[in-house]
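Residue-level listing of the chains:
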Amino acid sequence: MRHILAGLMFMVGTGSAWSQSGELAELAAQTLEASGAPAVGVLRLDDGEHAIGVAGLRAFRGDVRVSEDDFWHMGSNTKAMTAILVARLVERGVISWDDTVTQHLGAHIEAIDASYGEVTFLHLLSHRSGLRANVNNVDMIRFGVRGASDKPITEQRLDYARRVLTETPQGAAETDFLYSNAGYVVVGAMLEAVTGESWESLMHREVFEPLGLESAGFGAPGSPEAVDQPRGHRGGMFGGLNAVEPGPAADNPPVLGPAGTAHMSLADLADYLDLVMAGMRGEDSDFLSVQSWQRIATPPYGGDYALGWGVQGGQRLHAGSNTMWFVQIVIEPETGSGAVVAFNDGRINRLQPAMVDAVRSLME
C-alpha cells in the first residue's frame, strides 16, 4: 500500500474551510487499489459539510500526485447543468419550457422531420424526443477534425442539429425513453439561436459565475506542456493504459458541450450539489425558484429520468464519462447527503465494482 498512500491527499470542511479526514483518505486509497485507476477522488456531502479524499497520480507511470484541488471531467453530469441553464433562461423570460424545435430552429434548418414539430425543451432534456443517441461515427469524427472544428461553435451545433433533426425519429416523442446526447446538443443549438451566444458563454454567465464555480470550464483540464491537472486515460490496444494529454484527442468534440464537456474541482462540485439539493427540497434562493428546481427534479412524462438526473426513490443520480474519465454522482436532497466517486480513467466496466463499493461507503 506504500505507493498508494504516497499519492494520497484528503480534505474535509464546510464551504472553503478545510481540515484533514483520515476516513476519506483510507476510502480513496482502498478505491484506488480496487479499481486499478491512475487516480481516484471521493466526495461526501452531509447536510452542508463536505469531505474529500484523493489518491494516486495525475498520469499513469508519472510522478505527480493528484491534489485535492485538481479538476475532474464531469462527462454527462454536464446535462444537469444544461437543464439548470434552461431554467435560468425560462425565469428570465427568454424562453419557455414548452418552446419547440421548429420555433427556434425552423428558420435555420430546412426539412426538419415533421415528427419533431412539437418536440420541446422538456422532451429533449428528459430524453423523450425520439432523437438518436448521437450522430453517426463518420460525422462525429468530422466534428473533431481540423476544419470543421475551426468553425464557430454555434455553427457546428446548428450543423449537428441539422443532421439529426432531418432524420426519421428513433422512437415516439414523449412515449419512448431514448438516452440522447444529440437531444442536448439540439437544446444548445436552440439556446444559441435565441440568444446569439454560445452555450459555453451562457453557461459561464448564468451558472458558473453566479455560483462561484471558479474551477469550472470545458474540455480536458490542464495543459499539454505540463502535468498540471489529472489526465484522462484510455485502454491501450494490448490491454495497457494510456494517458491522453489535453487537446482535441482528450475529449469528445466541443460540439457535444451541452451533453458532456464540463470539468471542475470536487470542492466546487460540492458547492454546486449543495445548492441543487437545497432547491430540490424546497429551499428558495435568488438563483432559481423552488418551482424550477422541482421541474428539474421530476420526470415530466413518468419513468425514472428527470431533467439531467436519474431518479431512484428519494435519490437523484447520474454518471458521466467521455471514455477517458468516469464520475458517478448520487444525491439525496431531503437529507442533504451525497456521494461522488471520480476516476481519471474511462474503463467503466473495470471501475464499476470499486465505484459501487465506494458510493455505498460514502452514503452510509
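Residues numbered from 1 in each chain as written. Predicted model: local features only at pLDDT ≥ 70, side-chain atom pairs only at ≥ 80, totals over all residues. Heavy atoms only, no water.

Brief notes about the overall build of the protein
Here is the rule: By definition, any uninterrupted DSSP run of H or I lasting at least four residues is a helix, any uninterrupted run of E lasting at least two residues is a strand, and each is numbered from the N terminus. Within these notes, the globule rule equals 2.2 Å times the number of residues to the 0.38 power, and the radius of gyration is based on C-alpha atoms. Only protein chains enter the accessibility calculation, which uses a 1.4 Å probe; a residue whose area is less than 20% of its type maximum is buried, one above 50% is exposed, and one in between is partly exposed. Contact between two residues is taken to exist if any of their heavy atoms lie within 4.5 Å; hydrogens are not considered. Areas reported here follow the Shrake-Rupley algorithm with a probe of radius 1.4 Å; residue values treat only the protein chains shown as occluding.
A tally of regular secondary structure across the protein gives 13 helices and 13 strands. Since a compact globule built from 364 residues should have a radius of gyration of about 21 Å, the 20 Å found for the protein is in line with a globular shape. C-alpha atoms of the protein, sized along the principal axes, occupy 60 × 45 × 30 Å. Evaluated residue by residue, the protein yields a buried proportion of 56% over its 364 residues. Considering only contacts within the protein whose residues lie at least 6 apart along the sequence, 67% involve residues at least 24 apart. In the form shown here, the protein has an accessible surface area of approximately 14700 Å², with 48% of it arising from carbon and sulfur atoms.

Some thoughts on the confidence of the model for the protein
Interpretation of the predicted coordinates at a detailed level should be avoided for regions scoring low in pLDDT. Cut-off, in case you're wondering: Values of pLDDT, ranging from 0 to 100, describe the predictor's confidence in every residue of the model.
Of all residues in the protein, 93% attain a pLDDT of 70 or more, and the chain-wide mean is 92. The low-confidence segment residues 1-20, where pLDDT is below 50, has 52 contacts with residues more than four positions distant or belonging to other chains.

Some points on the side chain of Asn344
The cut-off we apply is this: The term polar contact refers here to a pair of N or O atoms within 3.5 Å; inside protein, the definition further demands a hydrogen-donor-capable atom paired with an acceptor-capable atom, and it admits residues adjacent in sequence only when both atoms are side-chain atoms.
For Asn344, the location among the structural elements is in the loop between β13 (337-343) and α13 (348-363). At a separation of 2.9 Å, a polar atom in the side chain of Asn344 contacts the main-chain amide nitrogen of Ala39. Side-chain polar atoms of Asn344 contact the backbone oxygen of Arg58, separated by 3.1 Å. Not counting chain neighbours up to four residues away, the residues in contact with Asn344 comprise Pro38, Ala39, Leu57, Arg58, Trp72, Pro230, Arg231, Gly232, His233, Met324 and Trp325.

A look at helix α11 (residues 266-280)
Basically, it comes down to this: Take the residue count of a helix, subtract one, and multiply by 1.5 Å to get its expected span.
Taking 1.5 Å per residue, 15 residues should reach 21 Å; α11 reaches 21 Å between its end C-alpha atoms and fits that length. Where burial is concerned, most of α11 is hidden: 13 out of the 15 residues are buried. A positive backbone phi angle near 100° is found at Gly282, which sits one or two residues after α11.

Describing the pairing of strand β8 (residues 241-244)
As a reminder, the rule being used: At least two bridges found by DSSP between two strands is the condition for calling them paired.
Pairing between strand β7 (residues 232-235) and β8: four bridges, direction antiparallel. Pairing of Arg234 across the sheet is with Asn242, part of β8.

Describing the environment of Val164
Along the chain, Val164 turns up in helix α7 (residues 153-165). Taking C-alpha positions, Val164 is 13 Å from Thr102, a pair spaced 62 residues apart along the chain. The contacts of Val164, once residues within four sequence positions are left out, are Tyr116, Leu131, Arg132, Val135, Ala182 and Val186.

Observations regarding the sheet that holds strand β6 (residues 217-218)
Just so we agree on the cut-off: Note on geometry: axes are C-alpha line fits, over the in-contact stretch for helices, and angles between N-to-C directions span 0 to 180 degrees.
One open sheet holds the three strands; their spatial order is β5-β9-β6, and the pairing between them is antiparallel. Pairing within the sheet leaves two strands with one partner each, and these edge strands are β5 (71-73) and β6. Contacting β5 and β9 (262-265), α11 runs over the sheet at an angle of about 100° to β9.

A closer look at the nonpolar core
Cut-off, in case you're wondering: Among buried residues, those of type Ala, Val, Leu, Ile, Met, Phe, Trp, Tyr and Cys that are joined through side-chain atoms within 4.5 Å constitute a nonpolar core.
Membership of the largest hydrophobic core comes to 84 residues, with the highest contact counts inside it found for Leu105, Tyr160, Leu165, Val186, Leu269, Tyr272 and Trp309. Those residues in contact with Leu105, other than ones at most four positions away along the chain, are Ile112, Leu158, Ala161, Leu165, Val186, Ala189, Met190 and Ala193. Counting residues in each nonpolar core, the second largest holds 20 residues, with Leu32, Ala37, Leu317 and Leu351 among its members.

Digging into the packing of helix α6 (residues 137-144) against α7
Stated precisely, the cut-off is as follows: When an angle is under 35 degrees it counts as roughly parallel; over 145 it counts as roughly antiparallel; between 65 and 115 it counts as roughly perpendicular; any other value is oblique. Gly counts as polar in this scheme, as do all residues outside two lists: the nonpolar Ala, Val, Leu, Ile, Met, Phe, Trp, Tyr, Cys and Pro, and the charged Asp, Glu, Lys and Arg.
Closest axis-to-axis distance for the α6/α7 pair is 12 Å, and the angle between their directions is 175°. Judged by the angle between their axes, α6 and α7 are roughly antiparallel. Listed contacts from α7 to Asp139, Met140, Arg142 and Phe143 of α6 are Gln156, Asp159, Tyr160 and Arg163. Grouping the constituent residues of the contact of α6 with α7 by class yields three nonpolar, one polar and four charged.

Points about helix α12 (residues 290-297)
Selection criterion: What the arc describes is the spread of directions from the helix axis to the C-beta atoms.
For α12, the set of buried residues is Val290, Ser292, Trp293, Ile296 and Ala297. Down the axis of α12, the sector holding all buried residues measures 160°, keeping them to one side. Packed against the buried residues of α12 are α3 (78-91), α11, β10 (310-312) and β11 (315-320).

A word on the packing of aromatic side chains
Our working definition: Between the rings of Phe, Tyr and Trp (Trp by its six-membered ring), a pair exists once the centres lie within 6.5 Å; its type follows the angle of the planes, with under 30 degrees stacked, over 60 edge-to-face, and the other angles tilted.
Under the defined criterion, the tally for this structure stands at eight aromatic pairs. A ring pair is formed by Tyr179 and Tyr305, whose centres lie 6.2 Å apart and whose planes are at 85°; its orientation type is edge-to-face. Of the two residues, Tyr179 sits in the loop between α7 and α8 (181-195) while Tyr305 sits in the loop between α12 and β10, which places them 126 residues apart along the sequence. With relative accessibility at 31%, the residue Tyr179 sits in the partly exposed group. Grouping aromatic residues by their ring pairs yields a cluster made of Phe177, Tyr179 and Tyr305.

Considering the pattern of salt bridges
Our working rule: When a carboxyl oxygen of Asp or Glu lies within 4 Å of a side-chain nitrogen of Lys or Arg, that pair is called a salt bridge.
Across all of its chains, the model carries 16 salt bridges by this definition. Across the pair Glu200 and Arg157 runs a salt bridge, and its minimum N-O distance is 2.6 Å. With Glu200 in helix α9 (residues 199-208) and Arg157 in helix α7, the pair connects residues that are 43 residues apart, well separated along the chain. Assigned by exposure class, Glu200 and Arg157 land together as buried. Between Arg162 and Asp159 there is a salt bridge, and its shortest N-O distance comes to 3.6 Å. Here Asp159 and Arg162 lie together in helix α7, a separation of three residues that amounts to about one turn. Residue Asp159 is classed as buried on the basis of its relative accessible area of 19%.

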